[in-house]
Amino acid sequence: MKKINLTVNGRQVYAEEGTTILDAAKSIGINIPTLCHHEDLDASGRCGICVVETENSPTLKRACCTPVSEGMVIRTNTARVRETRKIVLELILANHPADCLQCVRNRTCELQELAENLGIRNIRYPSILEEKPVDNLNPSIVFDPSKCILCGRCVEVCKNVQTVWAIEIMDRGFDSHVGTAFNLPLGETSCVNCGQCITVCPVGALYEKDEVESVWDALNDPKKHVVVQEAPAVRVAIGEEFGFEPGYIGSGKMHAALRRAGFDKVFDTNFTADLTIMEEGAELIGVLTSALKTGDFSRMPVITSCSPGWIRFLETFFPGMIGLVSTAKSPQQMFGALAKTYYAQKTGIDPANIVSVSVMPCTAKKFEARRPEMRASGFQDVDFVLTTREFARLLKEGGVDFAAMPEEPAEEMMGAYTGAGAIFGATGGVMEAALRTAYEI
């Protein structure tokens, strides 16, 4: 790969051909502020926060999408650059609500952090904020267009990563906005509830539908017996919300924290991950045996049904493939069904008084829990689904000090599981585990 010689703030830099100014500067410890840029998405240069000066150029360059060239001389912190960034940011803030303390992204907002880093103390432009109705009809995702800064990240991830195309930047100029076809609510579009738009949104324009208050209502109701299941991925993610290093496995502390928050029983979804693998493995054997006998392979391959976002994607874009999907419920829904049947019978508790809560890493699980077919027992399998962030908020609201929690196991009943649960959490792991199970069968 050809090496490019350039200068950044007086320091010589060697970068590979095609490297952006942003990455070249980062290689020597110079961080250029960004807002629309995201490392997992294509650069758009839409916001203009990342501008820099380049020698012999009358205009500022956008560092996130401008490749370096031989002999380029770049300055990232001149008076002109810093003033331009402030102007751009103040114009964005003039069209953004100043309700940070009430916002779900308070203290985790990139716009808020950028305003602090650039030293914004006053906004020199009059507010042009236009209040817009919040779309909260989707079972998983809430969209507040008043807080949208038109960075385009959500559109990029929806179109080019998830290939769903549920949202787009509509109209032009001052009328530009993120919208849907025919201005339909998000829940009536091709949205698959995957939540990737939430993941990349730098502000509080997109966020998961909050069920924390509903869970508190159940916990505070003496007539209700509240059980909770937690997915394997949550134990790895929850620690970051409380200052632990990424990758910290907080299983024991999480079990203890859930009990301190008031849950009556704390279960591990790994148990029903094993059940799912057994069911899908057995189903695979049945389909394969039948295909070998009859020569009809139209039911092959067997596709796992564990991802509700994936199922919704098939239903929307590839309905002809629905017959290939496993008939087994996901681990979340299997556990919810067991909570209202097997667990209720063993404990003698009326299933009408059992509230089943799950803590999941996926917003589509909220959508899955409310599918009409997920109540074969006569009761909704899973009543409420909390994402990892909602779970952290519940603990903080309840004054539960996660870091101070002891290590405690999950419940013994429905608590045994194999190492397949760990495989289950990896990419492709569901069918890998099912194939291994089928082989053993």
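The text that follows walks through the structure, step by step, so that each part is easy to find. (Residues numbered from 1 in each chain as written. Predicted model: local features only at pLDDT ≥ 70, side-chain atom pairs only at ≥ 80, totals over all residues. Heavy atoms only, no water.)

### As for helix H9 (residues 270-294)
Then, in step 1: In this model H9 runs 36 Å from its N-terminal to its C-terminal C-alpha over 25 residues, within 8% of the 36 Å that 1.5 Å per residue would give.
Then, in step 2: Positive backbone phi, at 80°, marks Gly-295, one or two positions downstream of H9. (Helix = DSSP H or I, 4+ residues; strand = E, 2+ residues; numbered from the N terminus. Expected span 1.5 Å × (residues − 1).)

### Here we look at empty space enclosed by the protein
Then, in step 1: Under the criterion given, the structure shown has 1 cavity of 30 Å³ or more.
Then, in step 2: By volume, the largest cavity is sized at about 70 Å³.
Then, in step 3: As for the largest cavity, its lining consists of Cys-148, Ile-149, Leu-150, Cys-151, Arg-153, Cys-154, Cys-201, Pro-202, Val-203, Ala-205 and Leu-206.
Then, in step 4: Looking at the lining of the largest cavity residue by residue, the class counts come to 10 nonpolar, no polar and 1 charged. (1 Å grid on protein atoms, 1.4 Å probe; cavity = no way out; pocket = protein on both sides within 12 Å on 5 of 7 lines; lining within 4 Å. Points joined across faces, edges and corners; volume = space filled by probe spheres on them. Nonpolar A, V, L, I, M, F, W, Y, C, P; charged D, E, K, R; others polar.)

### Let's talk about the packing of helix H6 (residues 212-219) against helix H14 (residues 388-397)
Then, in step 1: Remark: H6 packs on H14, axes separated minimally by 10 Å, with the N-to-C direction vectors making an angle of 50°. Considering their axes alone, H6 and H14 lie oblique with respect to each other. In the crossing of H6 with H14, the sense of the turn from one axis to the other is right-handed. Mapping the contact onto sequence places Val-212, Val-215 and Trp-216 in H6 and Glu-390, Leu-394 and Glu-397 in H14.
Then, in step 2: Of the residues that constitute the contact of H6 with H14, the class distribution is 4 nonpolar, no polar and 2 charged. (Axes fitted to C-alpha atoms, helices over the stretch in contact; angles between N-to-C directions. Parallel < 35°, antiparallel > 145°, perpendicular 65-115°, else oblique. Left-handed = near helix turned anticlockwise from the far one by under 90°. Contact = heavy atoms within 4.5 Å.)

### Focus on the pattern of salt bridges
Oppositely charged side chains can pair when the atoms bearing their charge come close.
Then, in step 1: The final tally for this structure, using the stated rule, is 25 salt bridges.
Then, in step 2: For Arg-121, the salt bridge goes to Glu-116, with nearest N and O atoms at 3.8 Å.
Then, in step 3: Judged by relative accessible area, which is 49%, Glu-116 ranks as partly exposed.
Then, in step 4: Members of the salt-bridge network, linked through shared partners, are Arg-259, Arg-260, Lys-265, Glu-408 and Glu-411. (Salt bridge = Lys/Arg side-chain N within 4 Å of Asp/Glu carboxyl O. Buried < 20%, exposed > 50% of the residue type's maximum accessible area, 1.4 Å probe, protein only.)

### Quick notes on the sheet that holds strand S12 (residues 354-360)
Then, in step 1: Reading across the sheet, the 4 strands line up as S11-S10-S12-S13 and stay open at both edges, with parallel pairing between neighbours. Only two strands of the sheet have a single neighbouring strand rather than two, namely strand S11 (265-268) and strand S13 (384-387). In this sheet, neighbouring strand axes are inclined to one another by 25° on average, regardless of whether the strands run parallel or antiparallel.
Then, in step 2: Bridging between strand S10 (residues 225-230) and S11 involves 4 bridges; their strand directions are parallel. Directly across from Val-227, in S11, lies its bridge partner Lys-265.
Then, in step 3: Where H14 meets the sheet, it contacts S12 and S13, and its direction lies at approximately 90° from that of S13. (Pairing = 2+ DSSP bridges.)

### Describing the sheet that holds strand S4 (residues 61-62)
Then, in step 1: If you trace the 5 strands from one edge of the open sheet to the other, you get S2-S1-S5-S3-S4, paired in mixed fashion. Unpaired on one side and paired on the other, strand S2 (11-16) and S4 mark the two borders of the sheet.
Then, in step 2: Taken strand by strand, helix H2 (residues 79-93) contacts strand S3 (51-54) and strand S5 (73-75), and its axis lies near 155° from that of S3.

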